[in-house]
Each structure stands twice: as structure tokens, then as C-alpha cells.
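What follows is the residue order along each chain.
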Amino acid sequence: TDPIFIAFFDELRQVMRPMGISMLLQTIEDTPDASRGGHFLSVAQLQPVDAVILCFPDDEALIEETAARSGCPVVLVHWRSHPAAAVNIVVDIAEGMYLATRYLLERGHTRLAYIGGPDWSCQGSQKREGFLRAVREAGCLQSCENVFRGANRVDVGYAGIEALLKLRKRPT
């Protein structure tokens, strides 16, 4: 579970509670073959909620199934809109990573590294695309050698960091 989303939902819950709006947070296993929607949709039907917020689901069928079965509006936070969602919040992940990488490059960091998500993840691909675009524009192609990808799990992130720490020329 991504700690950023946990903090986001905790803050959202605190704002919504005084308004009498209930929220249910359910994480979905981050694997390409996971059973994605069935369990949390069953819980949402048993425990009334005012809306379902889906953050960056990789499976488009989950968006459609949630809209059809949840009995409440679906808010989609995603890199593109979807007609089944009542509200679409579109985030340009590639541009965000591009701008973050440029920020570091403009401050003199020329040996960068990237630890990102798996090949099958659209979100991970978008982040990697933004990173690589910025380092190529800056002429820092050696940074492309320091790209580590794997499952969105803490242990995979640690493995990437350990590999970076073993490099003779570490990222700055």
C-alpha cells in the first residue's frame, strides 16, 4: 500500500467526517493477475458509502465494473478520463516526473537514478517516460543506466537502493 495514498485518504476522511460523508478505503493487490474488484465491491454494497474513489487502476474493466456495481458515483484519479466515472481527475504523470527530474538537473544533479514500477503498469511506464525524456534533453544519458524497475513493493525499492549504493559512481 502506497503511504502517500494512506495519508491522502486520512486527510480526506477528516474533512468528510464532519459533513456526514462516509469513506471506505480498500487497497487492491498490485499484481497483473490479481482479482481486482470483486471483494471491495462486495464490501461497498454491504457498508453504504457515498462515493468510490479509484486511484490509478491499471485495469479498465475495474473502472467499468465499479461504476456498474457500486451503486454510487465513482471518482477516478487517473492519467486519462473514463466515461464510466462520474468525476475524472486527470493527472499527467509523465509530465510530473519530467518536471521533477528537470528540477534536479537544473540544480546540478547530473547522475540521477530511477527506481520504478513494473513493465505492465501504465503508471510506472509514464513515470519512466518522463524521467528519460528529461535526462535525454539534458544530455545526461548515463542516468539511463541507473533505471531499476520491479513490482510496487517496499522490498523491491530496497533492492534498487542497495544496487545503487554498490555503484562506484553513485547518483547525486
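Details of the structure are given in the entry above.
Structural notes, computed from the coordinates. Remember, predicted model here, so these are calculated numbers, not experimental data.

About the thresholds
Residues numbered from 1 in each chain as written. Predicted model: local features only at pLDDT ≥ 70, side-chain atom pairs only at ≥ 80, totals over all residues. Heavy atoms only, no water. Helix = DSSP H or I, 4+ residues; strand = E, 2+ residues; numbered from the N terminus. Buried < 20%, exposed > 50% of the residue type's maximum accessible area, 1.4 Å probe, protein only. Contact = heavy atoms within 4.5 Å. Areas by Shrake-Rupley, 256 points an atom, 1.4 Å probe, with all protein chains shown as cover. Phe/Tyr/Trp six-rings, centres within 6.5 Å; stacked < 30°, edge-to-face > 60°. Lys NZ or Arg CZ within 6 Å of the ring centre and 35° of its normal. Salt bridge = Lys/Arg side-chain N within 4 Å of Asp/Glu carboxyl O. Axes fitted to C-alpha atoms, helices over the stretch in contact; angles between N-to-C directions. Left-handed = near helix turned anticlockwise from the far one by under 90°. Nonpolar A, V, L, I, M, F, W, Y, C, P; charged D, E, K, R; others polar. Pairing = 2+ DSSP bridges.

1. Re the overall build of the protein chain
(1) Moving on: In terms of regular secondary structure, the protein chain is built from 6 helices and 5 strands.
(2) Moving on: Its helices and strands taken in sequence order, the protein chain reads α-α-β-α-β-β-α-β-α-β-α from the N to the C terminus.
(3) Moving on: Scored against the burial criterion, the 172 residues of the protein chain give a buried share of 30%.
(4) Moving on: In the protein chain, once contacts between residues fewer than 6 apart in sequence are set aside, the share between residues at least 24 apart is 46%.
(5) Moving on: If you sum the accessible surface of the protein chain, you get close to 10,400 Å²; carbon and sulfur atoms cover 55% of it.

2. Focus: the packing of aromatic side chains
(1) Moving on: Under the defined criterion, the tally for this structure stands at 1 aromatic pair.
(2) Moving on: Ring centres of tyrosine 114 and phenylalanine 131 lie 5.4 Å apart, and the angle between their planes is 25°; this geometry places the pair in the stacked category. You can see tyrosine 114 sitting in strand β4 (residues 114–116) and its partner phenylalanine 131 sitting in helix α5 (residues 122–137), a full 17 residues away along the chain. Accessibility assignment for this pair places tyrosine 114 and phenylalanine 131 in one class, buried.
(3) Moving on: Sitting over the ring of tyrosine 98, arginine 133 keeps its end group 3.6 Å from the ring centre.

3. Describing the pattern of salt bridges
(1) Moving on: This model, assessed by the stated rule, comprises 7 salt bridges.
(2) Moving on: Note that arginine 69 is salt-bridged to glutamate 65, the shortest N-O span being 2.6 Å. With arginine 69 and glutamate 65 both in helix α3 (residues 60–69) and 4 residues apart, this pair spans about one turn of that helix.
(3) Moving on: Residue class for arginine 69 comes out partly exposed when judged on its relative accessible area of 33%.
(4) Moving on: Arginine 133 is paired through a salt bridge with glutamate 95; the nearest N and O atoms lie 3.4 Å apart. Remark: glutamate 95 occurs in helix α4 (residues 93–106) and arginine 133 occurs in helix α5; sequence separation between them is 38 residues.

4. Brief notes about the packing of α4 against α5
(1) Moving on: Close contact between α4 and α5 brings their axes to 7 Å; oriented N to C, the two are set at 35°. α5 is crossed by α4, and the crossing has right-handed handedness. Of the residues in α5, those in contact with Ile93, Ala94, Glu95, Met97, Tyr98, Thr101, Arg102 and Leu105 of α4 are Gln123, Gln126, Lys127, Glu129, Gly130, Phe131, Arg133, Ala134, Val135 and Glu137.
(2) Moving on: Across the contact of α4 with α5, the residue classes break down as 8 nonpolar, 4 polar and 6 charged.

5. Some remarks on the sheet that holds strand β1 (residues 52–55)
Whenever strands of a sheet pair, they do so through backbone hydrogen bonds, lying parallel or antiparallel.
(1) Moving on: The strand order β1-β2-β3 describes an open sheet built from 3 strands, whose pairing is parallel. Each edge of the open sheet is held by one strand with a lone partner, namely β1 and β3 (87–90). The average undirected angle you get between the axes of adjacent strands in this sheet is 15°.
(2) Moving on: Where strand β2 (residues 74–78) and β3 come together, 4 bridges link them in parallel fashion. What sits directly across from histidine 78, in β3, is valine 90.

6. Brief notes about the environment of phenylalanine 131
(1) Moving on: Taking the relative accessible area as the measure of exposure, phenylalanine 131 reaches 3% and is therefore buried.
(2) Moving on: Measuring from C-alpha to C-alpha, the distance between phenylalanine 131 and leucine 99 comes to 8.5 Å, with 32 residues separating the pair along the chain.

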